[in-house]
Amino acid sequence: MLPPTGLPKEQILAAMQAARQRDVDWQHGKVFSLVFDAGDEVNALAKEAYTLFFSENGLNPTAFPSLRRFEAEVVAMVGELLGGQGQTAGNMTSGGTESILMAVLAAREWARVHRPHVRQPEMVLPRTAHPAFDKAAHYFGVKAVHTPVREDFRADPAAVRRALTPNTVLVVGSAPAYPHGVVDPIAELAQIAQERGILCHVDACVGGMMLPFVRWLGYPVPPFDFSVPGVTSISVDLHKYGYAAKGASVILYRSKALRRHQLFATTEWPGGIYASPTMAGTRPGGAIAAAWAVLNFLGEAGYLRIADVVMRTTQQFRDAVHAVAGLQVLSNPEMSVMAIASDRDNIYEIGDELAARGWHLDRQQFPPSLHLTINYVHRHSAQRFFLDLAEATIAVRRLSLSKLGSRALPVAAAAVVKALPAGAASWLTARAGALLKGGGGVPQRSAAMYGMMGSLPNRGDLRELVLDLLESFTDPPR
Ligand SMILES: *Cc1c(COP(=O)(O)O)cnc(C)c1O
């Protein structure tokens, strides 16, 4: 309910501070994928730039030539980075989802002109592609045809080829796909699309601002951008590894002609001629301005330096996972996104134990795994992660451990951890003792929930349950 009279500012701010007490604490490098942070200096600049353009509106570029220039320059900078050679066209959007929505819409509209026989447009996408494509299918009436991935979790070009029909207008690949952090064989996917004369979108939402620098650093990165013939559009998020303020992504097309299919205009409204490039009408000037500021502040050298730190940190996290017996990183991710699984323990239970120690990792399914998106904010967390991961694994096995008695603890802990760094062994065995006294009080156990979901015979029931939950988030507070 709207308060009958306004509240004092102090009271409001205090209420907001109190409200955030139970939010995840991302500043200490224990939260993954929700917050990308390049340090105080970058953050301060983004905030200042955002505030400077707090009131401006990107809806009408003629009113704000400043925002028009920022957007044009951001799109050009990112296009250049991704092999566009000055030929690409695009727009800034509110995020990866909107960029992907635009790519699918543009493909549908392109087909209306260039494939008039298609009544029911279809897109072929690997099972690992982001749900934003399914959202686009849901919104725009494009049929999503999912294909299985290979054993290494990358798209299977043969399966994609088999899924093509005369109605297919778009082939999708990811660089990398979010669940396992692996880059699809973009060159092969784009070639399939090119042979058919259809479009190919590369979802580089998470990788677009990282992979070019990872390659410059000397790590192997397969071609994934406009340098690959047949790639017709790319989505790149700036609010991920671009370290911009939230609400910033770019959708790029190989040519202006392709981008044309994305645009909207109506000339019949009594309110005047109305044109808008993307989903949003009003667009926050702050997000556009902050992205421009951060790109210019970091420059190539800044992103390269950060990517170097992130890749070294990623290696430390990978070592930590491999140091714990039974745990693996799935496949061989090209950059800093990965999934970890266990062939011995219930990985969701390990996730719960990590949550009890303040870590926030997404749970994944098919196969069960935990998800890590390493960025600059994690540069000091790897050692802590290793210790907590080892402890979490011991805790999950504590029932069998407790039978051994406390004398066997150092041996048992050593069996969980393959190679202990100096000093960690005594710390770990001391903590393992505390674990044996019986856990209890572990908040937010999701292992049971995921276990239950996996056993539901009807996935449709699950969908209804999830929709109920979504509705409840905006129920009025009781
Ligand atoms: C994050 C992400 C998206 C969606 O981006 P939002 O900004 O969350 O809308 C799409 N694809 C991939 C690969 C992503 O990592």
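Everything below is about the structure printed above this text.
Overview of the structure. (Residues numbered from 1 in each chain as written. Predicted model: local features only at pLDDT ≥ 70, side-chain atom pairs only at ≥ 80, totals over all residues. Heavy atoms only, no water.)

### With respect to the site of the ligand
What counts is decided by this rule: By convention in this text, a residue qualifies as near a molecule or strand provided that one of its non-hydrogen atoms is within 4 Å of it. Throughout this description, a polar contact denotes any pair of N or O atoms lying within 3.5 Å of each other; where both atoms belong to protein, one of them has to be capable of donating a hydrogen while the other can accept it, and for residues adjacent in sequence the pair is counted only when both atoms sit in side chains. Per-residue and other accessible areas follow the Shrake-Rupley method at a 1.4 Å probe size, with only the shown protein chains counted as cover for residues. Only DSSP runs of H or I with at least four residues qualify as helices, and only runs of E with at least two residues qualify as strands; both kinds are numbered from the N terminus onward. Put simply, Ala, Val, Leu, Ile, Met, Phe, Trp, Tyr, Cys and Pro go in the nonpolar bin, Asp, Glu, Lys and Arg in the charged bin, and everything else, Gly too, in the polar bin.
The environment of the ligand is made up of 13 residues, and the closest members are Gly96, Thr97, Asp203, His239 and Lys240. At 2.5 Å from an oxygen atom of the ligand is found a side-chain nitrogen or oxygen belonging to Thr97. The contact in question runs from a nitrogen atom of the ligand to an N or O atom on the side chain of Asp203, over 2.6 Å. Protein contacts shield 84% of the accessible area of the ligand, which totals 380 Å² for the unbound molecule. Looking at the shell around the ligand element by element, the count peaks at three residues for helix H4 (residues 96-114). Class assignment of the residues belonging to the shell around the ligand gives a composition of five nonpolar, five polar and three charged.

### A short note on helix H12 (residues 382-396)
Going by this rule: In a helix, the anticipated span is given by 1.5 Å times the number of residues less one. Note on exposure labels: buried denotes an accessible area under 20% of the residue type's maximum, exposed denotes more than 50%, and partly exposed covers the range between, all computed with a 1.4 Å probe on protein chains only.
Here H12 is 15 residues long and its end C-alpha atoms lie 21 Å apart, about the 21 Å a rise of 1.5 Å per residue gives. For H12, the tally of buried residues reaches 13 of 15 residues, placing the bulk of the element in the interior.

### What to know about the pairing of strand E7 (residues 249-253)
It is a general feature of regular strands that their side chains alternate between the two faces of the sheet. Just so we agree on the cut-off: Strands are treated as partners if at least two bridges between them are detected by DSSP.
For E7, a buried count of five out of five residues is recorded, marking the element as mostly surrounded by other parts of the structure. What you see with E7 is no split at all: Ser249, Ile251 and Tyr253 on one side and Val250 and Leu252 on the other are buried throughout. Pairing analysis gives five bridges linking strand E1 (residues 89-93) to E7, with the strands arranged antiparallel. Following the sheet pairing, Ala89 is matched in E7 by Tyr253.

### Some details on helix H10 (residues 285-323)
Threshold: Fitting one axis to the seven residues ending at a residue and another to the seven starting there, the bend at that residue is the angle between the two axes.
Relative to the 57 Å expected for 39 residues at 1.5 Å per residue, H10 spans just 47 Å between its end C-alpha atoms, considerably shorter than the ideal helical length. The largest bend in H10 amounts to roughly 85° and is located at Gly299.

### Considerations on the packing of aromatic side chains
Rules: To pair, rings of Phe, Tyr and Trp, with the six-membered ring standing in for Trp, must have centres within 6.5 Å; the planes then decide the type, stacked if under 30 degrees apart, edge-to-face if over 60, and tilted in the middle.
Summed over the entire model, instances satisfying the criterion amount to 12 aromatic pairs. Where Phe213 meets Trp216, the ring centres are 5.4 Å apart and the plane angle is 85°; that geometry is what we call edge-to-face. With Phe213 and Trp216 both in helix H8 (residues 211-216) and three residues apart, this pair spans about one turn of that helix. Relative accessible area serves as the criterion here: at 2%, Phe213 is assigned to the buried category. On the basis of relative accessibility, which here comes to 47%, the residue Trp216 falls in the partly exposed class. Grouped by ring-pair contacts, the aromatic residues Phe32, Phe317, Trp359 and Phe385 constitute a single cluster.

What is shown is where atoms sit, not what they do.
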